[in-house]
Amino acid sequence: MGQASSITITEDLTLSLPDECLATIFSKLSSTNDKNSCSLVCKRWKFIDSKSRDRLVLFSPSHISSSFTSLLSRFTYISILSLKCSRKHLSIDDNSFSKIPNLLLSLTKLKLKGCVDISDNGLIAFSSHNSPLPLIKASFTSCGFGAKGLISLLSNSPYLLHLTLKRLRNLDAHNTPLSHHVNLKRLCLKDIHNARIFIPLIKSLKTLIVCRSSGNWDKVLQSSLIGVNNNTSKTSISEIQMENVQMGDSGLIAISSSCPDLQVLHLSRTTDCTDEGISAVASSCSDLRKLHIDAWRSRFGGRTIGDGGVLSVAKKCSNLQELVLMGIQVTGSSLSILASKCRNLERLAICNTETIGDMEMRLIGEKFRGLKKLCIKNCPITEKGIEAIADGCPNLVKLKVKRCRGITELSVRNVRIKRSLVVISVDSVINNGEQEQETTSNTSTTTHDVVCTSNTAVFLRSAFQIGRRTN
């Protein structure tokens, strides 16, 4: 056999490639470390790599302030910047943060997390640049600035559409309302404790998300949507999500009178919402497509959303496509009207409901002909109920059964035989008195589920199983 000939290449073959081709090659590298290694080969590769990157995530403690300017000078073409810092460390200061507009002229998305040393002065200096940045999205979590900095940002960012605020404690120290921003379309508030300062922003929105934020949101919605003189004007709000907030029927009535284009409504553990408020929304918002309700059970036995509210939605919201009901005692009569009126309903989830049994499951199987995804959680159904679903719902593609102790392994096996094309997920199969792990029959990986999870139950189940093995 002949000896293998060795070929020595002394010429850099990449010199003949255009910069665009090298940039395409770099974009195919999935590892950030590989991209960083390639950028250190030569000046040309470094320039092409920096020009091709549009996103930078940077851990930003105070000790990088000296090199912050030179670091951003290398990636002047990025459009998405994320600065993160642990609460155990000092973050970059106002001086370093204020230099960003001079270096990143194409910045469209900014995310700050844990940057407690950036104060109002830093955000004011950032937003008061000679030429405004094309900033579209901004997200701030656990930062040191308050209302003054946010007012400056809103006043000097004409392209800002999405604003997310989470755990900004210094907002409590200011009573100045935020200035009106015409172009802002999406506002997300989480763990915010001064609700009234956002009143001027709400009316021009399309999406409002409020989670674990204190304050009387009835008054906020009434003031922002209706006004002090009850001058109701229509808004373009299409999505509202309220979770763990103080809001009741007054807030829902304000929504119904001002948001005729509402399409998505999420109510999770709102304290004082009843059938009256839901009925008002159903009467005025006929284009509602998605409705999620997690009913609040007061320790004092107060009223909450019940079957009457579901009945109103079924009669008046014929375009409904997705319905999630948690803790609501739904009856067969409301389900029947829901099936007859809401022909476009494709996704249904019913959880933590004692009134859903085998009879109601049989009704769902017979009358919900267009249903594609069904989730039943913590309901007193048996094998007859799940078999009724298998015999009906001809368009069903996904079935979830969670924490329903009447379901046996044999019934699940029979359903899988009857409906082999349906993805079936069960986490509480009872077999010979023992609870088994979650089992899933899967024929399709591209599915979109109705969100209905219980991480606490999964954790407890795992803990009990470990304890049983050790004993």
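Residues numbered from 1 in each chain as written. Predicted model: local features only at pLDDT ≥ 70, side-chain atom pairs only at ≥ 80, totals over all residues. Heavy atoms only, no water.

**Here's the deal with the pairing of strand β2 (residues 80-84)**
In terms of burial, β2 is a largely internal element, four of the five residues being buried. With five bridges connecting them, strand β1 (residues 55-59) and β2 associate as parallel partners. When the bridges of β2 are listed, Val57 appears paired with Ser82. Taking the sense of rotation as the criterion, the β-α-β connection linking β1, helix α4 (residues 65-74) and β2 turns out right-handed. Bridge analysis of β2 against strand β3 (residues 109-113) gives five bridges, and the strand direction is parallel. The residue bridging Lys84 from the neighbouring strand is Lys113, located in β3. (Buried < 20%, exposed > 50% of the residue type's maximum accessible area, 1.4 Å probe, protein only. Helix = DSSP H or I, 4+ residues; strand = E, 2+ residues; numbered from the N terminus. Pairing = 2+ DSSP bridges. Right-handed = clockwise from strand over helix to strand, strands pointing away.)

**Here we look at the pattern of salt bridges**
All chains considered together, the criterion is met by seven salt bridges. Note that Lys418 and Asp391 form a salt bridge whose closest N and O atoms lie 3.2 Å from each other. Residue Lys418 is found in helix α17 (residues 409-418), and its partner Asp391 is found in helix α16 (residues 383-391); the two are separated by 27 residues along the sequence. With relative accessibility at 59%, the residue Asp391 sits in the exposed group. A salt bridge links Glu409 to Arg413; the shortest N-O distance between them is 3.3 Å. (Salt bridge = Lys/Arg side-chain N within 4 Å of Asp/Glu carboxyl O.)

**Thoughts on the packing of helix α2 (residues 32-39) against helix α3 (residues 43-52)**
Packing of α2 against α3 brings their axes to within 7 Å, and their N-to-C directions diverge by 140°. On the basis of the axis angle, α2 is oblique to α3. Where α2 abuts α3, its residues Lys35, Cys38 and Ser39 lie against Trp45, Lys46 and Asp49. Looking at the contact of α2 with α3, its residues break down into two nonpolar, one polar and three charged. (Axes fitted to C-alpha atoms, helices over the stretch in contact; angles between N-to-C directions. Parallel < 35°, antiparallel > 145°, perpendicular 65-115°, else oblique. Contact = heavy atoms within 4.5 Å. Nonpolar A, V, L, I, M, F, W, Y, C, P; charged D, E, K, R; others polar.)

**Quick notes on unusual backbone geometry**
Phi is positive for Arg167, which is not a glycine, with a value near 55°. Inspection of the secondary structure assignment puts Arg167 in the loop between β5 (162-166) and β6 (186-190). Taking the relative accessible area as the measure of exposure, Arg167 reaches 27% and is therefore partly exposed. Of note, Arg212 is a non-glycine position whose phi angle comes to about 50°, a positive value. In this fold, Arg212 is placed in the loop between β7 (207-211) and α10 (217-226).

**Focus: the packing of helix α12 (residues 275-284) against helix α13 (residues 307-316)**
Where α12 meets α13, the axes come as close as 8 Å, and the angle between the chain directions of the two elements is 5°. Taken together, the axis directions place α12 and α13 in an arrangement best described as roughly parallel. Two secondary-structure elements touch here, α12 through Asp275, Ile278, Ser279, Ala282 and Ser283 and α13 through Gly308, Gly309, Ser312, Val313 and Lys316. The residue makeup of the contact of α12 with α13, split by class, is three nonpolar, five polar and two charged.

**Remarks on helix α7 (residues 120-127)**
A turn of α-helix holds 3.6 residues, and therefore any two residues three or four places apart point the same way. Among the residues of α7, those classed as buried are Asp120, Gly122, Leu123, Phe126 and Ser127. Within α7, the buried residues cover an arc of 165° as seen down the axis, which keeps them to one side. (Arc of directions from axis to C-beta.)

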